[in-house]
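Summary of the model geometry
Below, each chain spelled out in residue letters.
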Number of protein chains: 2
Amino acid sequence: MAALKQRQDNTALLVLVSTGLALVTILSVWKMKQFKYRLIRETGGAMFYGVLLGLAVRWLPFDWGQHVVNTGETVYACGDLNSTPHMLTVNITPHLHCYGHVGKVNQSCQPVSAPPETFDPKVLFNLFLPTIIFHGAYTLNQKKFIENFGSVLTFAFMGTLISCVTIGACVYGFTRLTVLLGQAADGDFFLTDCLLFGAIISATDPVSVIGLLSELRMDLDLHTLLFGESVLNDAVAIVLTHSITTYSRMESGHSFDTPAFFLSIGYFLGVLAGSFLVGFIFTVITALLTKFTRLCENPLLETVVFFLLSWSSFLSAEASGLSGIVAVLFCGMSQARYTVHNLSSEGRTRTKQLFEAFSFLGEIFIFSNMGYILSTFPHHAFKALFISGAFLSIFISRACNIYPLSLLLNLGRTTKIPRTFQHFMMFAGLRGAVAFSLAARDTSTEVRRTILTTTLLVVGFTIWVLGTAADPMLRCLDIRVGLDADENPEDLSLEVATGRPDTTGGLWHHLDYKYLKPLLTHCGPPLSDSLPRCCGVFARLFGRPHIQEVEEQLCETEPDDSARDTEKTENQLQSTGGDSGSEHQEDLLEGDLGLGTAAALAREA
Amino acid sequence: MAALKQRQDNTALLVLVSTGLALVTILSVWKMKQFKYRLIRETGGAMFYGVLLGLAVRWLPFDWGQHVVNTGETVYACGDLNSTPHMLTVNITPHLHCYGHVGKVNQSCQPVSAPPETFDPKVLFNLFLPTIIFHGAYTLNQKKFIENFGSVLTFAFMGTLISCVTIGACVYGFTRLTVLLGQAADGDFFLTDCLLFGAIISATDPVSVIGLLSELRMDLDLHTLLFGESVLNDAVAIVLTHSITTYSRMESGHSFDTPAFFLSIGYFLGVLAGSFLVGFIFTVITALLTKFTRLCENPLLETVVFFLLSWSSFLSAEASGLSGIVAVLFCGMSQARYTVHNLSSEGRTRTKQLFEAFSFLGEIFIFSNMGYILSTFPHHAFKALFISGAFLSIFISRACNIYPLSLLLNLGRTTKIPRTFQHFMMFAGLRGAVAFSLAARDTSTEVRRTILTTTLLVVGFTIWVLGTAADPMLRCLDIRVGLDADENPEDLSLEVATGRPDTTGGLWHHLDYKYLKPLLTHCGPPLSDSLPRCCGVFARLFGRPHIQEVEEQLCETEPDDSARDTEKTENQLQSTGGDSGSEHQEDLLEGDLGLGTAAALAREA
């Protein structure tokens, strides 16, 4: 019936399908878990169903009423003109060029029938990636993170660099092999292409790692190392991908040159610092807003503003070419450290639950979308040798990354990284959404298409095989799991934040306890004390809370939190002992560059 | 820097801008309200800022890096080829045809520079419209709604029909005038065009009305009438728009014919019933899922599943050409009536808060988007006489709709609709998102563009002027506001739902209390009692809850709810008296077709 057609809403249908997919995933995975069959995780399940859907769509020739622009003069090849759709999406990443008139740019592709798009991955990423990372950071045990910051950074930066080079080398070796075997013309794959692949695939994925960690709640140190690495990775991946692509664009680009190398190190530090700054700026805005206004009288507004501002940190970083992931990581951590104090108790629960629901949904949508693309992307370039090379190199590189670096770090760390942890880290190098998005960014050449295909396969493998095997692995390495360490981590961070002052110095501690906390929250000593005379006005302006009762209300809440903290597992108690918390931070941050001596000092004491 | 460009993410930037817009709206409106200056509402504010942004974008020539496809052979007219964007959206509603190669279909437009799109309205609608309506329905006082159902339906159906015809007639008159004044060629506007405009503009808008009602919490009867009308409107608007467009497509289409008229009445009923069914089916699914599984042990899953299923009701209705709004309305109401019993208490809070946050955000995004389009749509067709005709006709039609119908209804109702209410209803006919989406669906011809422009202006006027004046209006009509009637309406509906059984019959009551409730929830009498012998198996299958403790937990919660209910305003107590609640429903539903005698009977008793 024409009317129905006219009302028929393609978007609605697609959203509906994705929603159905999400529902099926959630319910089936949950059902399996009920039967104590905890092997399958949401991420894996979602990707699996995504693939199924993709295949179904491929093989069942069902008219999705998609408006596909043809190469020819025909304007669009389906749908009745009565229903002029409001928007038409034309995929112009070159592999789909043939759909659009734009197709003419690209020689190497043949017209194909368009598989119906689910979502634009970019939209998915902007919607959900921030919330996933934010939730991870918001509910992170900050003390542990700061303790292990040095190690985390080492793994994230050195480790990723090592894997990148190793993978590049291995894959290059294999491509030479293909040339020797005459399966490919010489010059199909340059070293830079292989390095690019290395850059794309070497970064472990925050989304899948968070998905893994949130389920098997394991030792906090291990948790922190894996989480931190996977998140900070992103900055490294960006820089590597960028620098390599710029090399390969240079004429004499297929060789290594030192200045450019140092340039990109500088660039990396720039990206890291910039992203950190963006994240922190948004925290400051949120904190001041919630401190000096009566927002906390309206939990709904409070939550929404908090949500939007945290989200913006990601978006602004992305929009200005920095790492949104890193930005939102720092934003989440600082929000949990400062802003939380200014929220009403209902606001705290609401924000946490909102982000929880969002990130849960996001994980599922992103991975089902990835699975869908894996099975519907019309220009897969399967290069058996390249793929097998990739798979091999991933394990080699991971090994060259974890074991030597742990060895190195253990020299500095007093809480050594035990062998079992190393094995598990070696094992838990899940790839996922970020690698995919990097690979999907450009698929103009055969090489790039090969890279995309291989990336998707690697992601699928790590998610399905490694992700599934993680649980038994942990058991056979007998690493303790199921610790309710991050059951209510805001309280944790709160607890750390509100630890009684200790007078011994410490740069970070000074900054945090004496200036930032009084400035951004209602806790800590009055600014007027910490600031020099000259800044009296400033101190009076920001130091004294404008709203008396709010301050009281907040100062009431804190004891409860620390009270609640006392009823925690031995493990957690260990990780959150009142002052020692702040002591550590300070020690480690002036002392051992966060290589982990602090914890030991504490234990000796 | 090339790298930055490459990372630069158009989507992120646009989302960021919208987020900023939302933040500005929320904060400024909230600040104003703090100063007891409650005239401006979120909807109005959002639209206003949207317009501002649009103007800024129009006048500040800032390169948004938008990928615009040209009419010529140039493939795309901006962006560096290095950064191949993953998707390119080409707006192919004819007014933008000139962007795309598709442009060649349409003669009547000149190449224009593309204003940067914020969001595809369709996406916004599919994302947020359902949550807004759902939240409205979920927190609706069901008893009142059922009491007033007859009146609501009369206003929604007859009323909208009357306005449509009146508006059509008025506007047609004005267009004839333009012809006489020689400002337009004869045959520019046919009667059907004017009727179409009538159909588009005559429906009041749920989003803006809900926005209005949620703030000034007024008398429940008035609330129900306005809300119900605005929501059920949608079905009527769809049917009218459809039937008129089909007429106008006919050769001899510019005249009225009876069979087609009755056909569309049938179609209307079909749409209504179909949408109702879809909504109810999804409730049944949710209810059975939450009743027979251990979902309620995991509040997060519970919430997410509940959310996705409710959302799907809208999407499936839309995808199958029915009224998603009506579907989600009934879904929301029945969820609040049945499923809520199966949720854990945390699940209840979470679902409510999730929908609350979502609909709050949605309102703002939708209206800022509308404002943005109002100021950036490049093909506005301002026809002074048409517009003034439209404005005049809107008031006339609203008057011809409310006063006669209220008069008519008051004959049947024992709780008359007082004059003051009528005045306010006459006044509160806000138009908004739905009208806009109907008008934007097709803008191929000059006429359609005129309609879109006029619609946008009318929407702006009703939102800004009427929406702002509502508060003083209520005061001078002295209608009581600020009743905390729907503070915790789930409890309300719960209370109604768990009212002690009364043995007197009543079709609706029978169905609801004896079959649906035991089937879908853990409350009410065992199915085995209500069902005949033959259905013993069925009764055993669905009647007996599989999970004992869950049932207990739930049966515990109910007394609390009713207990909480006892501490309510006089108004609320009146509207929720234990049995009488169910008695009314039954009386009115078998008795007076819900014209409102029930309430009176109760008062007499």
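Described below are features of the structure shown in this document. Numbers given for residues are sequential positions, taken from 1 along each chain in its written order. Throughout, the order in which chains and ligands are written sets their labels, letters from A for the former and numbers from 1 for the latter. pLDDT decides what is reported in this predicted model: residues at 70 or higher carry local features, side-chain atom pairs at 80 or more are listed and counted, and totals for whole chains, interfaces and linings draw on all residues regardless. The side-chain values count all of the structure's non-hydrogen atoms but skip hydrogen atoms and water molecules.

Now for the overall build of chain A. The secondary structure listing takes helices from DSSP runs of H or I that are at least 4 residues long and strands from runs of E that are at least 2 residues long, numbered from the N terminus. In terms of helices and strands, chain A carries 25 helices and one strand. Only protein chains enter the accessibility calculation, which uses a 1.4 Å probe; a residue whose area is less than 20% of its type maximum is buried, one above 50% is exposed, and one in between is partly exposed. Within chain A, the fraction of its 605 residues that count as buried is 63%. Throughout, a contact is declared for two residues whenever any of their heavy atoms are within 4.5 Å. Sequence-distant contacts, at least 24 apart, represent 82% of the contacts inside chain A between residues at least 6 apart.

In this section: the nonpolar core. Nonpolar cores were defined as sets of buried Ala, Val, Leu, Ile, Met, Phe, Trp, Tyr and Cys residues, with membership established by side-chain atoms within 4.5 Å. Residues Phe424 of chain A together with Phe424 of chain B are the most contacted members of the largest nonpolar core, which totals 266 residues. The next biggest cluster of nonpolar side chains, apart from the first, holds six residues, and it includes Ala287, Tyr338, Leu516 and Leu520 of chain A.

Attention now moves to a nonpolar patch on the surface. Residue and element names in this part refer to chain A. A surface patch of nonpolar side chains, amounting to about 430 Å² of accessible area, comprises Phe48, Leu52, Leu55 and Trp59. If you trace the backbone, Trp59 turns up in helix H3 (residues 42–59). Taking the relative accessible area as the measure of exposure, Trp59 reaches 64% and is therefore exposed. To count toward a patch, a residue needs a relative accessible area above 30% and no salt bridge. Like charges then connect within 9 Å, nonpolar side chains (Val, Leu, Ile, Met, Phe, Trp, Tyr) within 5 Å. Surface accessibility follows the Shrake-Rupley procedure with a 1.4 Å probe radius. Residue values consider only the protein chains on display as shielding. The term salt bridge refers to a side-chain nitrogen of Lys or Arg lying within 4 Å of a carboxyl oxygen of Asp or Glu.

Before going further, it helps to spend a moment on the environment of Val328 of chain B. Residue and element names in this part refer to chain B. Within the element layout of this structure, Val328 appears in helix H12 (residues 324–337). Taking C-alpha positions, Val328 is 30 Å from Asp193, a pair spaced 135 residues apart along the chain. Every residue in contact with Val328, bar those within four places of it in the chain, is listed here: Pro130, Ile133, Phe134, Ser310, Ser313 and Phe314.

What follows is about the pattern of salt bridges. Throughout the structure, instances matching the rule amount to 15 salt bridges over all chains. Note that Glu356 of chain B is salt-bridged to Arg350 of chain A, the shortest N-O span being 3.0 Å. Of this pair, Glu356 of chain B sits in helix H13 (residues 345–376) while Arg350 of chain A sits in helix H13 (residues 345–376), which puts the two residues in different chains. Each member of the pair, Glu356 of chain B as well as Arg350 of chain A, is classed as buried. One salt bridge connects Lys144 of chain B with Glu147 of chain B, and the closest N-O pair in it is separated by 3.8 Å. Taken together, the positions of Lys144 of chain B and Glu147 of chain B, both in helix H5 (residues 142–147) and three residues apart, correspond to about one turn of that helix. A single salt-bridge network, built from bridges that share partners, covers Lys143, Lys144, Glu147 and Asp221 of chain B.

Once that is clear, we can look at the state of the cysteines. Defined by distance alone, a disulfide is two cysteine sulfur atoms within 2.5 Å. Tallied over the entire structure, the rule returns zero disulfides over all chains. Cys194 of chain B supplies the cysteine sulfur nearest to Cys164 of chain B, a cysteine that is in no disulfide, at a spacing of 11 Å.

To continue, consider the environment of Ala137 of chain B. Residues and elements named next belong to chain B. Topologically, Ala137 is positioned in helix H4 (residues 121–138). Overall, the relative accessible area of 0% leaves Ala137 in the buried class. If near-sequence neighbours (up to four positions away) are discounted, Ala137 is found in contact with Phe227, Leu329, Gly332 and Met333.

The criterion for an aromatic pair is that two Phe, Tyr or Trp rings (for Trp, the six-membered ring) have centres within 6.5 Å, with stacked assigned to planes under 30 degrees apart, edge-to-face to planes over 60 apart and tilted to the rest. If you walk through the whole model with that rule in mind, you get 39 aromatic pairs over all chains. Ring centres of Phe48 of chain A and Tyr49 of chain A lie 5.6 Å apart, and the angle between their planes is 65°; on these two criteria the pair is classed as edge-to-face. Residue Phe48 of chain A is classed as partly exposed on the basis of its relative accessible area, which comes to 42%. Its relative accessible area of 18% is what places Tyr49 of chain A among the buried residues. When the ring of Phe306 of chain B is compared with that of Phe355 of chain B, the centres are 6.3 Å apart and the planes differ by 75°; the resulting orientation is edge-to-face. Of this pair, Phe306 of chain B sits in helix H11 (residues 299–319) while Phe355 of chain B sits in helix H13, placing them 49 residues apart in sequence. The burial state of Phe306 of chain B is the same as that of Phe355 of chain B; both residues are buried.

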